[in-house]
Each structure stands twice: as C-alpha cells, then as structure tokens.
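# Summary of structural features
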Amino acid sequence: MLNSIMKTKLFAWVDQRTGADAIIKSQLTEYAVPKNLNYMWNFGSLALLVLVLQILTGIFLAMYYKPSAAFTSGGYTVAFDSVERIMRDVNFGWLIRYMHAVGASAFFFVVYMHIGRGLYYGSYKGPRELLWIIGVVILLIMQGAAFFGYLLPWGQMSFWGATVITNLFGALPVIGEYLQQVLRGGFAVGDPTLNRFFSLHYLFPLLLAAIVGGHVHALHVVHSNNPEGIDVHNAEEKINFHPYYTVKDAFGVGVFLLFYCYIVFFNPQMGGFFIEVDNYVPANNLQTPPHIAPVWYLTPWYTILRSFPDKLLGVVAMGASLGILFLLPFLDRSKVRSSRYRPIFRQMVVLFFVTVIILGYCGHSAPTPTLKLVGQIATAYYFAFFILLLFLPKFEKTKPLPDHI
Amino acid sequence: MKWMKVFLAAMAVPAMLFASGTAFANEGGVALKPVEVDPADQAQIRRGLTVFTEVCMGCHSAKYVTYKGLIDYPEIAITREQADELRGDKPLAAGMITDLSPEDATVSYGKVPPDLSLITSARRGGAKYVYSILTGFEHDPHGKVPDGNFNEYFPGHRIAMPDPLGWLDHDKSDEAELLQQAQDVSAFLTFISDPHQNERRHIGMFVMGFLLLLTLVLYLLKREVWKDVKH
C-alpha cells in the first residue's frame, strides 16, 4: 500500500516540497534492522502507542475537567465533581476517563518492560549511551506527569500523596523550603497547587512527545541492538523495518490492546491498584488516611525513600536511585552487551528485576518492621548492582560471542 | 526462548504478591459477610432504591444521582410519575440530597453522614462492606460502646450511624426481610457508584471479540510476511 501511495502524483508533489520519499525510505522501507529481534523489542512501539492514547484521551478530559478545589456540597469540590460528571453525564466520558487512568499504568508497565529489555541485552552500551540517557529523561518526565495527574481528581490519595511528596522537597538544604512553596503555590497543598499541577500535567506530555522524537532519532542513527548483543554488519542479517517490523509491531499492538481493553472494560480499578479506593473519598485536609502510598509504578522509589531514618538522606537516596541510571553506560565497562554471554551479569540483572518488584511491593503495603527490613535489603542491592558493575569485568568470564546472528 | 522464562519468572512475583495482597484486602481484620449483588438486576436495584429513599435518605445523600437519572438509566427506569413523587418540589435535574442539614446532623450524630454516591468504590470490600455494616450492629462484648453504636465491621467498631435497619435485637422472624433490604440497598449503591458499568461490560464483549479477530489476522499477516526470513 505504501508503495502505491508513493507512486501517486499527489505524493510526488508533496515529496518535492518535503523530501518525504527520502524520509520514508531511510526511516521505514530501507531502514535496516537486525532480523533476530524477539518480542521484547515490541515494547518500544507500544510505549509510543500509549503516549498517543494518553495525549488524545487527555485532550478530551481537559474539555470537561475543572481544576478547582472550591467546595461544592457534601465535602466534594469542583474538581471532584467535574470528574464524576465525566464519569456519569458526558457521552462516553467513562470510557475516556478509564482509558486515561488505566493508560497511565499501562504506560509505566510498557516502559518498565522496555527498560528491562535494554538492561538485559545491554542496549545502553556504546554506541547507544545517549539513546539510553534520553530514555532516562523520558522516564523522569513520565513520573512527573503521572504524579501531577494523580492530584487532579482531588481525592484523599491525590491530596495526601501530593502533600507527602512535596514535603520531601522541603527536606533539601537551603532551597528546600522555597522549592516546596513554589511547587505548592503556598504553604500547604491547596487550590493553587491544583492549578499549577494541571498546567504542568498538560505541559509534560508535550515535552515527552518532543523528547520521544529525539529518542527515536537517536535510535535511527545508531540502530537497534539485538538479543545477541553483537554488531551486525552483514546485509543478510538485516531486514527492512517496513514491512517486517511494522507488521510484527502491529501484532504486538493487537496483543497489548487485548490486555488493555480487558482491564478498561472489565476491571478498570484493578482492585485498587490502578485507581485507589481512597481516591473515591474527597480530599480532606483534616483527615489523614491510615495508609498513604503512591500508585504502584512509583512505589519502588518510595520504598528507597522510606528505607532511611533521616528524611534528607532518604530524599537524596531516592534521587540517586534514579540519577544513577544516567551513569549506567559508564559504570558497566564490559565489552560484551547481551546477558546471554555474561553469566554473572545475567544473574545480577535478573535479581535486580526481582529487587525492583520487591521494592514496589514494600512501598505499596502498610509499613511493618519486617517489610521495612526487606525494603532496606532490597535498597542495598539496588545500589550494589550498579557499584558491582564497575568491578564485574575483572572477574566475569564472558562466553565467546558468535560471529553473526 | 530464554527471555520468555525470565519474563514469566519476573511476572510470577507480582502475581503472587497480588494474590497474597488481596487475601488481606479487608484491613479491619474481620472477614466481611459475603453477599450476591447484581448491578444489572433491575428488580433488585429498584427495591434497593426504595430502601434508600425511605431509610437512608433520611440522613445520607447521593448527590451524583439525579432524579432524571432514575428515569434514564435502563437499570432503574422508573416512571416520570414515580420520580415526581420522590423528588417533591426539587427539580428533576437535582441530585438526591437529604433534607437533613449538615448542622443538624452534627448536633444529632456528631458527624455528617457521608454521601453514598460512590460508597462501594470508596471502601475496600464494596457491596460486602455496606452489607456487613448494615447487618453488623451487635452488643459490645466489652460493654464499652453503647448499644446501637457498636458495629463489628466498622473500623474502630464505634459507628456514629444509629442502626438504620433495626438489626440489633431483631426478631428471628424479621431476619430474612432485613437481610433482603441490606442486600437490595447494597446492590443499588453498587450500581450508582458506576452507573455505566453494565453498558461498559456489554460494549467490552464486542471490543474483545473484535480485538481477538484483529489480533489473529495480524498474527497470520506477520507469519506470512516473515515466512522467508530465516532467524
């Protein structure tokens, strides 16, 4: 189909003015990709899909949502009421809202799988360091966007989650208090906070879209890694992105939508994991919920924060746990990329994945002394993983690499 | 297919945690009473509406449910005349707001009764929780909490709501009737917490059917396109 479109007169007209033909060739029909990518490589295109879904559903939600913490009746506010109006009175508002709320969790799931794939197969190593670093920037912006978005329904968890997190900034020396007040637009989380969070929640996806463009561009300069982690020079070992990977990605989209739509239509709250029970209770600044926890995708970092007795130390550790991702390409000096040929790294990285899941579980649950200890051990391994990478090449005996894929 | 094993192993952990997490979902510690509610059962929801308007609305509102909604939702679909009777001189587009003012409520009960529009979404256990509360009024075994305020299922066991269905010390002969009322009103509250839920599940069936077909076609297409690639 693409070929027949490219032969039309209209396309020739556009091509003369944009160079579309050359772009399509270099980015799709003649963009060479290793032929051995497995299904873990599908998560990149899925992340792009979810980003588009979030932006589209978000635009429609913003047409009805009202960012105001002014009280209406029964302890509810204008913001909370407007969300319920979307759920009840706006045509298919419930669909758009559930798609957006489930989409946030789906976005993180897909992106975490994507990052995990990059870790496992060494996709962060040269020449893809910058590609990885741009990816980490994307992750941070996503986390920001999700955090801002969670305040908007102005439920109990929105309010207290935002209170706890903005409080953290207050722990920073010198600028802390100022920063906290700028974020909140006052001394406590309130109406001004809601307004600026809404503004930022709309801004961040625009940043994301731009930076994702940079991420894809960087990828197309250095090309995809592959499960063997070796450079692919031979023309026979590569295939064109279109049609091979477009159709494989399309199949992946089908499978993804099956899961996504199942949740949207049959279990949108996901037992309190995607929309927390407490967020159906209107925000009340006089009543702290018994247990405040962020949504599942932020809980690993929340556990790292809570693992330190000193608040400032916890904040620094949480920052470091994300910041260290930037350094990963330079900490790991092994010449071999893929875990398939790095027996020790392979065990370390799988343990790292398990650790992050354990951290997530600890952050989600109400704190107990045992869980706290488990969280601290997991935190220790989280950092140890990166530090050990520095020394790993000294004692890891990698397996011989194949000549071709 | 090594990555497959890693992937499955990685997925098994949250699945296990999820399963163990839901087992303790009820924080209070007491297991909630099981109850069957069907948010698509019109007869049950209508009976629940009657319990709600005749008992609960003496104190509680459901402000997100309008009298017009009671006519429009196919799950309730009462007649215009019935809606007029319920609303009195309130507008048709008004929410179901109790006549008890927050001030009077605070004087009488020490608390403002919460709006019930979203109550089954806003409490762990949902309908089971509401049902358990309504049929959970007992004499305090320690004799500390006055009769009518001791509720086994309420966090802290001291509830400001005076036993609305008259459960405490009820006659054995009334038991079936009271359980029925509690069940019906729980069904009604489950329905209004998400009034498009039946429509959502209904549309969802078609969406899933379509996606299954689409995914199958895409899979076959993928296989066809890739058949010459040796990898």
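Look up a bit, the structure's there.
These numbers were taken from a predicted model, which means no experiment stands behind them. (Residues numbered from 1 in each chain as written. Chains lettered and ligands numbered in written order. Predicted model: local features only at pLDDT ≥ 70, side-chain atom pairs only at ≥ 80, totals over all residues. Heavy atoms only, no water.)

What follows deals with the packing of aromatic side chains. Residues and elements named next belong to chain A. What the rule picks out here adds up to 38 aromatic pairs over all chains. When the ring of Phe352 is compared with that of Tyr382, the centres are 5.1 Å apart and the planes differ by 45°; the resulting orientation is tilted. Highlighted residues: Phe352 in helix α14 (residues 343-364) and Tyr382 in helix α15 (residues 369-395), separated in sequence by 30 residues. Here Phe352 falls in the buried class, since its relative accessible area comes to 5%. Accessibility expressed as a relative area gives 2% for Tyr382, which makes it buried. Arranged with centres 5.6 Å apart and planes meeting at 85°, the rings of Phe352 and Phe386 form a pair that is edge-to-face. Of this pair, Phe352 sits in helix α14 while Phe386 sits in helix α15, placing them 34 residues apart in sequence. When sorted by exposure, Phe352 lands in the same class as Phe386, which is buried. (Phe/Tyr/Trp six-rings, centres within 6.5 Å; stacked < 30°, edge-to-face > 60°. Helix = DSSP H or I, 4+ residues; strand = E, 2+ residues; numbered from the N terminus. Buried < 20%, exposed > 50% of the residue type's maximum accessible area, 1.4 Å probe, protein only.)

Right, let's talk about the pattern of salt bridges for a bit. A side chain with one charge may pair with a side chain of the opposite charge, provided their charged atoms come close. What the rule picks out here adds up to 17 salt bridges over all chains. Between Arg342(A) and Glu396(A) there is a salt bridge, with its nearest N and O atoms 3.0 Å apart. Note that Arg342(A) is positioned in the loop between α13 (311-331) and α14 and Glu396(A) in the segment after α15, a separation of 54 residues in sequence. Comparing Arg342(A) with Glu396(A), the two get one shared label, buried. Measuring nitrogen to oxygen at the nearest pair gives 2.8 Å for the salt bridge that ties Arg47(B) to Asp184(B). Placement of Arg47(B) in helix α2 (residues 42-54) and of Asp184(B) in helix α8 (residues 175-193) is noted, with a sequence separation of 137 residues between them. For Arg47(B), a relative accessible area of 37% puts it in the partly exposed group. Taken together, the shared-partner salt bridges connect Lys125(A), Asp332(A), Arg342(A) and Glu396(A) into one network. (Salt bridge = Lys/Arg side-chain N within 4 Å of Asp/Glu carboxyl O.)

Moving on: empty space enclosed by the protein. Applying the stated criterion to the full structure yields one cavity of 30 Å³ or more. Taken as a whole, the largest cavity spans an internal volume of roughly 40 Å³. Lining the largest cavity are Glu84(A), Met87(A), Arg88(A), Arg97(A), Tyr98(A), Gln269(A), Tyr280(A), Leu118(B), Ser193(B), Asp194(B) and Pro195(B). Within the residue set of the lining of the largest cavity, elements represented by two or more residues are α5 (78-88) and α6 (93-120) of chain A. Broken down by element, the lining of the largest cavity gets its largest block of residues, three residues, from α5(A). A per-class count over the lining of the largest cavity returns five nonpolar, two polar and four charged. (1 Å grid on protein atoms, 1.4 Å probe; cavity = no way out; pocket = protein on both sides within 12 Å on 5 of 7 lines; lining within 4 Å. Points joined across faces, edges and corners; volume = space filled by probe spheres on them. Nonpolar A, V, L, I, M, F, W, Y, C, P; charged D, E, K, R; others polar.)

Coordinates in, geometry out; function isn't part of it.
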